[in-house]
Amino acid sequence: MARRRVLATRSVAVGVAAVLAVGCASTTQGTALSEGMGAVSTESRSMTIAPLFTTGSGDGGVGEEIVTRSATTDSSFRVDFSEDEVSGLGDASRAASWNAAIVSTLIMSQPMSGRFEFEISGQIDGPSAGALKTAALIALQRDEQISDTATMTGTINATGTIGPVGGIPEKVQAAGAAGYDLVLIPLGQRNSTDRNGDSVDVVRIGDRAGVNVVEVGDIYEAYGLLTGSELEAPRLEPDTRLDNRAYDKVDAQYTAAIGRYDNALTMLDTLDVNILRTMMNTGLPETAAKAADRARDLHRQGSIAGALVTALEAAAVMEASYSVGNSLTPLVSQGPAGLGAFVAQATNTGPAEAAFFSFLDSIATFEPKTLPDVEAVVNAYAGAFDALTIFDYAASEIQAIDGRIDTQPIDIVEFVDYLSTPLIFLEAAKAQLAGTKAVWEVGRDNPGADIDSGVDLAQVGDFFRRGADANLAAFRTGMPAQVADRTGRSLDSVIGQLSYMDIDVAAAVHQRNAQPAIEKYLGEGKPNGQYATIGYGVSNYVRNQQLVEKYYNNAITDDNLRVTGFMYENALSNAFDLARAQLSSDIAALQAGGTQPVITVGQFESAGVRRAGTPLEQFNALGAYNSGYVTTRLMTYLSSPGK
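Now for a look at the structure at hand. Please read all numbers here as calculations on a predicted model, not as lab measurements. Every chain is numbered independently, its residues counted from 1 as its sequence is written. Local features are withheld for residues below a pLDDT of 70 in this predicted model, meaning they are given only at 70 or higher, and side-chain atom pairs are given and counted only at 80 or more; totals for whole chains, interfaces and linings count all residues. As a rule here, side-chain values cover all heavy atoms of the structure and leave hydrogens and water aside.

Moving on, we get to the overall build of the chain. Scanning the chain from N- to C-terminus turns up 24 helices and 15 strands. Per-residue burial for the chain yields a buried fraction of 61% across its 643 residues. A run of H or I in DSSP becomes a helix once it reaches four residues, and a run of E becomes a strand once it reaches two; helices and strands are each numbered from the N terminus. For the exposure calls, accessible area comes from a 1.4 Å probe over protein chains only, and a residue counts as buried if that area is under 20% of its type's maximum, exposed if over 50%, partly exposed in between.

Dropping the structure here:
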């Protein structure tokens, strides 16, 4: 293969591993549950906040925004905007408002309903007021106030961490001129770039402007400084291990997954030496081998759920390696004469599609009775929908490349070069389905609390779907938009390139393309249709937040848009610590109530070892923590009162 494509597939190798590890176990809990489900105030409360902004010319400014929270009579979840200028609130600011409403609801363990209103004066765009809006909504819930001499700038992430923003020196100066004496900024941004492109110490700028500038990593820390009242942060729980019954059930699936990996490795070694060399150059076999080593180490330590999740990743990636290599056999053995057989095999998607829909049909017959059943069915739908999306995307790319054969001469090596990434995605999707089936088997029929029959499941699905849309909008306005502006390319072109480099991007932006097929399993009147809607919403919410975490907040990318490092390592470390504490405390709370969240424990244990990997693996580990957090929140929300 040409070196250009080999470079791409090295990123794809890790991306495939990520979507298989996270996607096979995707769903939720945050501040201590003692905040109380159902404690939302019925009265309407409002607060005026002072979002900081920069103008098109680079000047800083202090805005005014009235934030209101109230209950709804029909248990709906609404976000309303009021402007006094045309397009006063830009798309990024709208997305930030949606995220503030959703994140504050999850953190406070509140019902997924309510009316959230944002009234602005003038024109403000960008997501930098997201954290301030989140703090305001929490203060309204707690009937507390943000100091009228304090404000902050920073985006808000799903678990409550605060993301980076631009224009901080100018914002601090504007806050000082307006009489504010405290400005909170995101962790890691004390030394920020000013409008002239120079790196400056914003704490020193604040001193000269009469402003105390403080870095904060998350909403818990920020809330105390803004209001003077403590918002209790979750604590890391030392023991989240499964009970013996669940352990034995998971152990059997682990053994099967490691067997799949070993068998695929044996089959890979039977391929032609040239094909084997080509597959080694993609990095896929190496990624699979590392995952298998991690799985065996987790198993040795007794972290059986994490061992299963990691073994499923190893098996899936190695199976994809063998399948892609095997598809190249006609070209190697027959040369140009084998092109027809190669294309026929690559484009024969009928059997795989039948397998996807057969699995979806089988899920539809299952009736969840307990919280672990919910965890299992939601993850099963999420994993299947994600796999189907990647499969459809890869199949359409293969068909498009195949169509060029009849319209223009194509060199076989170049043809295979272009086809390599869609082929990898296609086989990864098939392997993910196998992993999803395994997770489905271990996740259901475990001990757990009953489901609250009074919860509006359709509303829950819509809650996460809207959050997913908000996160996708934030992702698009981040690095992809910046690259498009810098290079003169269209935004869709940049996102298309990212789709080849990162399977999560491909899944996020092409999920709607698979909507006609998915719609059959969504909606009122369908068996388990409402749980399917929740699975669809949750998987997109978590994945799109992970894209924000990477491409808006913290990733350094090279000219090929491949993730190579971090801009703010302290912020990433803080995000890991918070996510780990949140998830462990939520798992412990569920276990204390008799619920064994097997799938989520697997995410928790596997993320712990992935945290020490490559930059992309570390982002994926954070995504696994976030996914588990959303799942435990969901399970707690659906639990029967008193459970």
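Glancing now at empty space enclosed by the protein. In this analysis the probe radius is 1.4 Å and the grid spacing 1 Å, with only protein atoms considered; a cavity is a set of points the probe fits into but cannot get out of, a pocket is an open set with protein on both sides within 12 Å along at least five of seven lines, and lining residues have an atom within 4 Å of a point. Grid points are joined across faces, edges and corners, and a volume is the space filled by probe spheres set on the points. Computed from the structure, the largest cavity encloses a volume of approximately 120 Å³. Along the wall of the largest cavity there are 14 residues; nearest its centre are Asn99, Pro127, Thr155, Ile156 and Ala474. Sorting the residues of the lining of the largest cavity by element identifies helix H2 (91-107), strand E8 (155-156), helix H16 (457-476) and helix H21 (529-554) as the ones contributing at least two each. In terms of residue count, H21 provides more of the lining of the largest cavity than any other element does, four residues in total. Of the residues assigned to the lining of the largest cavity, the class counts are seven nonpolar, seven polar and no charged. Its boundaries defined by the atoms lining it, the second largest cavity holds a volume of some 100 Å³. Lining the second largest cavity we find 15 residues, and of these Asn157, Ile162, Gly163, Glu549 and Ala571 sit closest to its centre. Those elements that provide at least two residues to the lining of the second largest cavity are strand E9 (162-163), H21 and helix H22 (569-592). Side-chain classes are defined by residue name, with Ala, Val, Leu, Ile, Met, Phe, Trp, Tyr, Cys and Pro counting as nonpolar, Asp, Glu, Lys and Arg as charged, and the others, Gly among them, as polar. Its residues placed into classes, the lining of the second largest cavity shows eight nonpolar, six polar and one charged.

This part covers the packing of H22 against helix H23 (residues 598-610). Note on method: axes are straight lines fitted to C-alpha atoms, helices fitted across the in-contact stretch only, with angles between N-to-C directions ranging 0 to 180 degrees. Across the interface, H22 lies against H23 with an axial gap of 11 Å and an inter-helix angle of 150°. Considering their axes alone, H22 and H23 lie roughly antiparallel with respect to each other. Helix-helix and strand crossings are classified by hand; for H22 and H23 the assignment is left-handed. Contact residues: Arg580, Leu583, Ser584, Ile587 and Gln591 in H22; Thr600, Val601, Phe604 and Gly608 in H23. Counted by class, the contact of H22 with H23 contains four nonpolar, four polar and one charged residues. What sets the label is the angle itself: under 35 degrees gives roughly parallel, over 145 gives roughly antiparallel, 65 to 115 gives roughly perpendicular, and the rest give oblique. Should the near helix be turned anticlockwise from the far one by less than a right angle, the crossing is termed left-handed; should it be turned clockwise, right-handed. Should any heavy atoms of two residues lie within 4.5 Å, those residues are counted as being in contact.

This brings us to the sheet that holds strand E7 (residues 150-152). Any two strands are treated as partners once DSSP identifies two or more bridges connecting them. The strand order across the open sheet formed by three strands is E7-E10-E13, and the pairing between neighbours is parallel. The open sheet has two free edges, formed respectively by E7 and strand E13 (212-216), since each of these has just one partner strand. Geometrically, the sheet is characterised by an average inter-axis angle of 25° between neighbouring strands, direction not taken into account. Sheet analysis places E7 next to strand E10 (residues 182-186), joined by three bridges and oriented parallel. Each residue of the ladder has a partner; that of alanine 150, found in E10, is leucine 182.

Attention shifts here to the layout of surface pockets. Considered as a void within the structure, the largest pocket measures approximately 1,000 Å³ in volume. Contributing to the lining of the largest pocket are 50 residues, with Pro164, Val165, Gly166, Gln482 and Tyr552 lying nearest its centre. Among the secondary structure elements, those contributing two or more residues to the lining of the largest pocket are strand E2 (52-54), H2, helix H4 (168-177), strand E11 (191-193), helix H17 (479-487), H21 and strand E14 (555-557). For the lining of the largest pocket, the element with the most residues is H17, which contributes six residues.

Next up on the list: the pairing of strand E1 (residues 45-49). Residues Arg45, Met47 and Ile49 line the buried face of E1, whereas the alternating positions Ser46 and Thr48 sit on a face that is not buried. Pairing analysis gives five bridges linking E1 to strand E4 (residues 65-70), with the strands arranged antiparallel. Of the residues in E4, the one forming a bridge with arginine 45 is arginine 69.

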